[in-house]
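Structural description and commentary
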Amino acid sequence: MGCKNCCSICLQCLFGYETNVMLVINNKGVGALFRLIQFLIIAYVAVYVCWVQRAYQDTDSVISSVSTKVKGNILTNSSAAGVHVWDVPEYVIPPQGENTFFVLTNVIPTLGQRQSKCPEIPSEVTKCESDSDCKEGYSEVHGNGVQTGRCVQYSDTIKTCEVQAWCPLENDTVIPKPALLGAAEDFTVLIKNNVQYPKFKFRKRNILHHINSTYLKNCTFDRKTDPHCPIFRLGDMVTEAGEDFSVMALKGGIIGIFIDWNCDLDFPERFCIPKYSFSRLDNKNPENNVAPGYNFRFAKYYKTNESTETRTLIKAFGIRFDVIVFGMVTAVCDWVMLTCMKDRDLYAKHKFIHLNQNGDSVPLVS
Amino acid sequence: MGCKNCCSICLQCLFGYETNVMLVINNKGVGALFRLIQFLIIAYVAVYVCWVQRAYQDTDSVISSVSTKVKGNILTNSSAAGVHVWDVPEYVIPPQGENTFFVLTNVIPTLGQRQSKCPEIPSEVTKCESDSDCKEGYSEVHGNGVQTGRCVQYSDTIKTCEVQAWCPLENDTVIPKPALLGAAEDFTVLIKNNVQYPKFKFRKRNILHHINSTYLKNCTFDRKTDPHCPIFRLGDMVTEAGEDFSVMALKGGIIGIFIDWNCDLDFPERFCIPKYSFSRLDNKNPENNVAPGYNFRFAKYYKTNESTETRTLIKAFGIRFDVIVFGMVTAVCDWVMLTCMKDRDLYAKHKFIHLNQNGDSVPLVS
Amino acid sequence: MGCKNCCSICLQCLFGYETNVMLVINNKGVGALFRLIQFLIIAYVAVYVCWVQRAYQDTDSVISSVSTKVKGNILTNSSAAGVHVWDVPEYVIPPQGENTFFVLTNVIPTLGQRQSKCPEIPSEVTKCESDSDCKEGYSEVHGNGVQTGRCVQYSDTIKTCEVQAWCPLENDTVIPKPALLGAAEDFTVLIKNNVQYPKFKFRKRNILHHINSTYLKNCTFDRKTDPHCPIFRLGDMVTEAGEDFSVMALKGGIIGIFIDWNCDLDFPERFCIPKYSFSRLDNKNPENNVAPGYNFRFAKYYKTNESTETRTLIKAFGIRFDVIVFGMVTAVCDWVMLTCMKDRDLYAKHKFIHLNQNGDSVPLVS
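Residues numbered from 1 in each chain as written. Chains lettered and ligands numbered in written order. Predicted model: local features only at pLDDT ≥ 70, side-chain atom pairs only at ≥ 80, totals over all residues. Heavy atoms only, no water.

Concerning the overall build of chain A
Looking only at helices and strands, one finds 7 helices and 16 strands in chain A. Buried residues in chain A amount to 48% of all 366 residues. About 17700 Å² of surface is accessible on chain A, with carbon and sulfur atoms providing 56% of the total. (Helix = DSSP H or I, 4+ residues; strand = E, 2+ residues; numbered from the N terminus. Buried < 20%, exposed > 50% of the residue type's maximum accessible area, 1.4 Å probe, protein only. Areas by Shrake-Rupley, 256 points an atom, 1.4 Å probe, with all protein chains shown as cover.)

Structure representation (structure tokens):
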């Protein structure tokens with residue numbers, strides 16, 4: 001190696017500047033071909049990809065806006081409430097959401113609640129024998145109000161702690177079966193979804209060009225016959241998600257509506273078409289049966305005279321549909337780069353230095 | 001090439017270990033310069049970027065919280081409803097949203113609805129001659145209730161199927177023009193936006209340090225004169241999005257408010273300033289004129305006595321503003337890497353092996 | 001360099017095909033070892049990573065669904081409103097949100113508002129001497145209505161411009177202190193979070209397998225004793241975020257609940273456990289004290305007779321909890337690539353060409 005002593009080796013090691021060895025082939029034919037290929041690639045990238053397609057950015061995430069409109073009416077005839085028709089403003093709660101809508105499927109209503117005192121719903125912790133079992137001002141976590149400290153008759157045989165609360169209290173131990181609004185299965189929802197990739201100045205909506213008003217008034221999404229219709233029957237979506245609507249309607253749940261806009265903008269715009277899929281997002285069969293379904297409580301407030309406020313409490317079970325929009329443009333430039341790299345191997349046979357078994361070097365090109 | 005037979009070539013091919021050839025230049029000056037540059041880069045990365053700036057992570061997505069507050073009042077004087085002042089709790093629906101707010105611009109109210117029976121709004125499918133044209137229990141998709149099976153007088157000349165529904169039915173064939181709340185153009189909205197990049201322990205809000213209460217009480221966002229004021233006039237935003245407020249107010253729509261926090265944290269924090277832009281997210285001029293605008297229905301429920309519930313149904317047209325916060329920290333380390341790579345080309349002239357046209361190799365350095 | 005003239009150099013430069021010089025070591029032992037290592041890596045990637053683990057995709061973002069349920073009751077006893085018990089449907093507004101819930105902590109109610117005329121709340125711009133100081137039809141930005149053009153008595157000493165508005169007007173200059181619903185600190189919230197990585201066909205929820213109904217009924221999240229309990233005490237979350245609940249309850253704010261599902265799916269599924277953290281998202285101590293806290297206004301509408309509509313206006317201060325779910329699967333393949341790269345350096349000593357100080361080249365291997 002031509003090094004005289006140890007110190008010299010160290011210095012060489014420390015001050016040695018390392019770099020790749022490059023091979024330059026001075027053959028006019030090869031060189032011209034090489035430059036021509038380089039020029040064609042650069043021209044393609046510069047003119048077509050970057051200027052015509054404006055695809056100089058490799059990827060871009062989707063910006064999406066969603067609006068939904070549910071349609072359908074249900075007539076219920078219960079002994080308590082009589083004949084009642086449920087329309088959209090009553091069963092879609094709240095009336096509008098950004099990417100989500102909730103359809104009521106089952107109801108436990110409690111009418112005529114007002115601020116007063118009443119006995120708690122019986123449970124292990126609310127049953128009592130005498131006032132000493134109750135604690136004034138105590139609010140039991142799973143209770144409905146604040147205890148007054150008195151133990152009162154709930155029924156002929158049961159005494160429970162009295163609470164200050166919205167009375168009468170809700171009793172949600174029995175859930176209506178079948179679900180009161182099980183017929184919501186036949187409701188339809190129009191989903192309007194506009195997407196844009198700002199870097200590519202690309203905009204599109206899920207109501208495609210060829211869809212006209214006549215078609216839109218009568219169509220329903222069907223993966224085989226109407227894959228582009230943006231109107232979905234609730235029951236169909238739940239079935240595609242692998243669930244039984246009548247079962248799910250009882251205690252509620254969450255269904256994801258996935259709209260997939262993964263488009264390759266190298267292809268014409270008409271090939272960029274949304275793909276729909278549906279999946280249950282919450283847990284259907286928890287092994288431990290803890291907190292199943294989806295429900296919440298809300299109230300409608302009334303004043304029958306100036307001073308007294310009453311309310312109807314509604315425990316609402318239902319299906320929340322979350323619209324989740326995907327979309328990522330595939331990398332145009334990566335593909336170009338890869339192609340460039342491959343062309344560089346054109347003369348790969350010239351790149352090798354052969355080292356024989358005995359360790360001697362062999363001329364670069366024989 | 002020194003290979004004796006075909007088998008030998010295969011073996012050579014199979015057991016040949018390929019690697020780049022590296023060039024080491026043993027020149028103390030060059031080597032020292034090379035090591036010095038290497039040391040400076042490593043020192044910069046280690047001390048300044050990684051230790052002082054804590055920017056060892058190259059990118060981080062933004063965590064954002066948004067809250068909005070609309071201000072403004074409108075007086076309307078319609079023959080039906082009389083003089084009415086609309087304030088925020090009445091025209092912002094729902095009163096709060098996570099990243100979105102809706103401002104009512106046009107209204108079709110239907111007063112005094114109650115559960116009863118009435119003739120359907122005339123349409124191709126609801127008009128009838130006799131009871132046999134109607135079907136008891138049938139709920140037409142675009143209808144307002146459930147048919148009772150009777151055919152009744154809608155007007156002197158028209159008969160339609162009777163429905164069980166919230167009657168009187170809404171008639172939304174005529175949309176108020178100009179929009180009832182077209183003056184919403186002058187409303188303002190304060191947008192409070194806090195962002196954080198947890199990995200960089202960086203927090204900032206869009207109400208910048210130099211903005212004081214006095215300025216905030218009177219300013220309105222203007223791209224030229226007040227680019228940092230977080231109070232936006234609705235009309236200005238719609239104009240910047242390229243729309244006409246009075247037209248958009250008629251049938252509603254969706255406007256995106258984009259807040260761009262793309263900051264390079266290598267620069268001082270004061271250069272990290274949000275950029276606002278506005279764009280219409282839904283489709284303005286659908287070729288097929290299908291389902292334009294943005295509207296939804298909601299109801300206010302009343303009880304004038306214990307038993308009867310009435311409601312005011314409101315078909316609400318308006319503009320939904322979606323606040324979309326962007327932000328990605330630029331990669332510090334990538335830049336460092338690139339710099340390193342460039343310095344490696346310092347002695348690029350030594351990296352070439354020239355191969356003459358006749359195929360003979362030329363000494364590495366002449 | 002063997003170039004004859006300037007033109008020749010240029011041509012050489014233009015038509016020279018550059019490529020890296022590769023070294024091939026023809027040693028059967030080294031080659032066999034090299035191929036064996038290559039084979040093992042490919043086999044590992046193909047069989048274990050791609051086929052057994054199905055981890056051929058390097059990363060996948062999380063799809064998450066969140067639902068929340070708050071529990072707790074508060075009894076308030078104010079001179080104005082008397083004894084009142086607040087339950088969930090009253091203090092959680094709106095009753096359901098996608099990834100967010102709001103808990104009321106302080107209230108300024110204004111009862112019995114109806115459309116009429118009344119003097120404005122006194123301020124610098126609303127005080128007047130005579131009718132000429134007021135402007136009919138003018139709606140002051142921070143005002144509560146539309147001016148009628150008259151200057152009327154607000155109190156014995158102060159005159160303000162009269163407005164058409166929902167009267168009586170709200171006076172929010174004094175905020176109740178301590179907060180009316182400061183006891184909301186003891187409320188608990190059950191957060192149900194289901195996540196899925198569709199590419200990996202991986203689903204999990206934050207109610208882990210070992211959590212049973214009995215445990216879930218009584219547990220409260222505690223970082224040390226109950227780190228997997230999905231029920232959180234509001235006060236604890238606010239404390240972990242470094243805030244004082246009683247202070248925050250006065251004017252409201254925004255708390256982020258972060259659920260981190262960053263899992264490495266190379267490890268068994270039971271190691272994939274959510275980590276919770278809490279942080280205040282809005283600005284606590286703005287230097288300029290501009291627009292602090294979080295509040296909004298909403299109204300409950302009543303009709304005491306057919307024609308007159310009254311409402312209760314509520315200025316609601318409270319804490320908005322935003323549930324933010326993170327999650328990204330670590331890149332399996334990147335690690336594999338890195339390992340491959342390292343093995344390529346096995347024979348790094350053969351890669352160097354030494355260049356002496358005098359510029360002469362040295363045989364590739366001595």
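Quick notes on the pattern of salt bridges
Residue and element names in this part refer to chain C. Evaluated as defined, the whole model comprises 36 salt bridges over all chains. Salt-bridge contacts for Glu243 lead to Arg280; the nearest nitrogen and oxygen are separated by 3.1 Å. Here Glu243 is found in the loop between α5 (234-240) and α6 (245-251), whereas its partner Arg280 is found in strand β13 (residues 275-280), with 37 residues between them in sequence. Across this residue pair, the class does not change: Glu243 and Arg280 are buried. Measuring nitrogen to oxygen at the nearest pair gives 2.8 Å for the salt bridge that ties Arg280 to Asp282. Asp282 shares its class with Arg280; the two are buried. (Salt bridge = Lys/Arg side-chain N within 4 Å of Asp/Glu carboxyl O.)

Concerning the packing of aromatic side chains
Scanning the model with the defined rule gives 39 aromatic pairs over all chains in all. For the pair Tyr91 of chain A and Phe187 of chain A, a centre-to-centre distance of 4.3 Å together with 15° between the ring planes defines the contact as stacked. You can see Tyr91 of chain A sitting in helix α3 (residues 88-91) and its partner Phe187 of chain A sitting in the loop between β8 (159-167) and β9 (188-197), a full 96 residues away along the chain. The same class applies to Tyr91 of chain A as to Phe187 of chain A, namely buried. When the ring of Phe102 of chain C is compared with that of Tyr294 of chain C, the centres are 5.9 Å apart and the planes differ by 55°; the resulting orientation is tilted. Taken together, the residues span a long stretch of sequence, with Phe102 of chain C in strand β6 (residues 100-119) and Tyr294 of chain C in the loop between β13 and β14 (295-303) at a distance of 192 residues. Note on accessibility: Phe102 of chain C and Tyr294 of chain C belong to one class, buried. Among the aromatic residues, those joined into a cluster by ring pairs are Phe102, Tyr294, Phe296 and Phe298 of chain A. In this structure, Lys300 of chain B is placed above the aromatic ring of Tyr301 of chain C, and the distance from its NZ or CZ to the ring centre is 3.9 Å. (Phe/Tyr/Trp six-rings, centres within 6.5 Å; stacked < 30°, edge-to-face > 60°. Lys NZ or Arg CZ within 6 Å of the ring centre and 35° of its normal.)

Observations concerning the domain arrangement of chain A
Residues and elements named next belong to chain A. One can read the domain layout of chain A as domain 1 (19-56 + 333-363), domain 2 (61-114 + 178-330) and domain 3 (121-168). Between domain 2 and domain 3, the C-alpha centre-to-centre distance is 39 Å. Buried area between domain 2 and domain 3, summed over both chains or domains, comes out near 480 Å², and the portion from carbon and sulfur atoms is 56%. Contact with domain 3 buries area across many residues of domain 2, yet Gln113, Arg114 and Arg311 alone supply 67% of it, more than any other trio. Joining domain 2 to domain 3, the criterion identifies 0 salt bridges. At the junction of domain 2 and domain 3, the tally comes to 3 residue pairs in polar contact (both at pLDDT 80 or more). Residue assignment for the side of domain 2 that touches domain 3 shows that the elements contributing at least two residues are β6 (100-119) and β15 (309-326). Looking at which element gives the most residues to the side of domain 2 that touches domain 3, the answer is β6, with 5 residues. (Domains from an automatic or database assignment. Buried area = accessible area lost by both parts, 1.4 Å probe. Polar contact = N/O pair within 3.5 Å; in protein donor to acceptor, adjacent residues only side chain to side chain.)

Comments concerning the pairing of β9 of chain A
All names here are of chain A. Across the 10 residues of β9, 10 count as buried, placing the element largely inside the fold. Bridging between strand β3 (residues 63-71) and β9 involves 9 bridges; their strand directions are antiparallel. Paired with Lys71 across the strands is Thr188, a residue of β9. Two elements, β9 and strand β11 (residues 231-233), share 3 bridges in a ladder whose sense is antiparallel. Directly across from Leu190, in β11, lies its bridge partner Ile231. For β9 and strand β10 (residues 202-205), the ladder comprises 4 bridges, and the chain directions are antiparallel. Paired with Asn194 across the bridge in β10 is Arg205. Between the antiparallel neighbours β9 and β10 lie 4 residues, among them Lys201 with a positive phi of about 50°. (Pairing = 2+ DSSP bridges.)

A few points about the state of the cysteines
Scanning the entire structure with this criterion turns up 12 disulfides over all chains. Paired by a disulfide, Cys134 of chain A and Cys161 of chain A hold their sulfur atoms 1.9 Å apart. Judged by the sign of its S-S torsion, about -95°, the bond between Cys134 of chain A and Cys161 of chain A is left-handed. Separated by 27 residues along the polypeptide, Cys134 of chain A in the loop between β6 and β7 (146-153) and Cys161 of chain A in strand β8 bring together distant segments of the chain. For the pair Cys134 of chain A and Cys161 of chain A, a shared accessibility class is recorded, and that class is buried. Paired through a disulfide, Cys128 of chain B and Cys151 of chain B show a sulfur-sulfur distance of 1.9 Å. The S-S bond linking Cys128 of chain B to Cys151 of chain B shows a torsion near 95°; that makes this disulfide right-handed. (Disulfide = S-S within 2.5 Å.)

Focus on the UniProt feature "binding site: ATP" (unreviewed entry) in chain A
What UniProt calls "binding site: ATP" (unreviewed entry) maps, in this numbering, to Lys69, Val70, Lys71, Thr188, Asn295, Phe296, Arg297 and Lys315 of chain A. Their sequence span is 247 residues, while the largest C-alpha to C-alpha distance among them is 24.5 Å; these annotated residues do not converge on one region. When you line up the elements, Lys69 of chain A lands in strand β3. Exposure remark for Lys69 of chain A: the relative accessible area of 24% places this residue in the partly exposed category. Ignoring anything within four residues of it in the chain, the contact list for Lys69 of chain A reads Thr188, Val189 and Leu190 of chain A together with Asn295 and Arg297 of chain B. Looking at the secondary structure, you find Phe296 of chain A in strand β14 (residues 295-303). Ignoring sequence-local partners within four residues, the contact set of Phe296 of chain A consists of Ile93, Phe102, Ile314, Lys315 and Ala316 of chain A together with Pro95 and Gln96 of chain C. (UniProt positions renumbered as here; feature names shortened; annotations may be inferred. Contact = heavy atoms within 4.5 Å.)

A word on the confidence of the model for chain A
Low-confidence regions, as indicated by low pLDDT, have predicted coordinates that should not be scrutinised in detail. Residue and element names in this part refer to chain A. Summing up the model confidence of chain A, the mean pLDDT is 79 and the portion of residues at 70 or higher is 76%. In the model, residues 54-58 has pLDDT below 50 throughout and makes 20 contacts with residues more than four positions away in sequence or in other chains. A low-confidence stretch, residues 331-366 (pLDDT under 50), is modelled with 77 contacts involving residues beyond four sequence positions or located in other chains. The ipTM for the predicted assembly is 0.74, set against a pTM of 0.77. (pLDDT = per-residue confidence, 0-100.)

Some thoughts on unusual backbone geometry
A negative phi holds for most residues other than glycine; trans holds for most peptide bonds. The omega torsion across Ile93 of chain B and Pro94 of chain B is -10°, close enough to zero to call that bond cis. Note that Pro94 of chain B resides in the loop between α3 (88-91) and β6 (100-119).

Digging into the pairing of β6 of chain A
Residues and elements named next belong to chain A. Of the strand pairs in this sheet, β6 and β15 are connected by 11 bridges, and their pairing is antiparallel. The residue bridging Val103 from the neighbouring strand is Ile319, located in β15. Where β6 meets β8, 6 bridges bridge the pair, whose relative direction is antiparallel. Opposite Cys118, over in β8, you have Val163 as the bridge partner.

Brief notes about the side chain of Gln164 of chain C
Residue position: Gln164 of chain C is located in strand β8 (residues 159-167). Residue contacts for Gln164 of chain C: discarding those within four places in its chain leaves Leu75, Val83 and Val85 of chain B together with Gln115, Ser116, Lys117, Gly145, Val146 and Thr148 of chain C.

Some thoughts on the environment of Gly318 of chain B
Residue and element names in this part refer to chain B. Within the secondary structure, Gly318 is located in strand β15 (residues 309-326). Considered as a pair, Gly318 and Asn218 are 100 residues apart in the sequence and their alpha carbons are 26 Å apart. If we ignore the near neighbours within four places in the chain, the residues touching Gly318 are Phe102, Val103, Leu104, Thr105, Gly252, Gly253 and Tyr294.

Overview of a nonpolar patch on the surface
On the surface, Leu33, Leu36, Phe39 and Leu40 of chain A cluster together to form a nonpolar patch covering roughly 400 Å² of accessible area. Here Phe39 of chain A is to be found in helix α2 (residues 28-52). (Patch = residues over 30% accessible without salt bridge, like charges linked within 9 Å, V, L, I, M, F, W, Y side chains within 5 Å.)

Points about the side chain of Thr160 of chain A
Residues and elements named next belong to chain A. Mapping Thr160 onto the fold places it in strand β8. Reaching out from Thr160, the side chain makes a polar contact with the backbone oxygen of Glu120 at a distance of 2.9 Å. In this structure Thr160 touches Pro119, Glu120, Pro122, Thr126, Lys127, Cys128, Arg150, Cys151, Val152 and Tyr154, once residues within four positions along its chain are discounted.

Things to note about the environment of Leu216 of chain C
Residue and element names in this part refer to chain C. By the secondary structure assignment, Leu216 is in helix α4 (residues 213-218). Note on Leu216: relative accessible area 9%, which makes it buried. The spatial distance from the C-alpha of Leu216 to the C-alpha of Leu190 is 9.3 Å, given a sequence separation of 26 residues.

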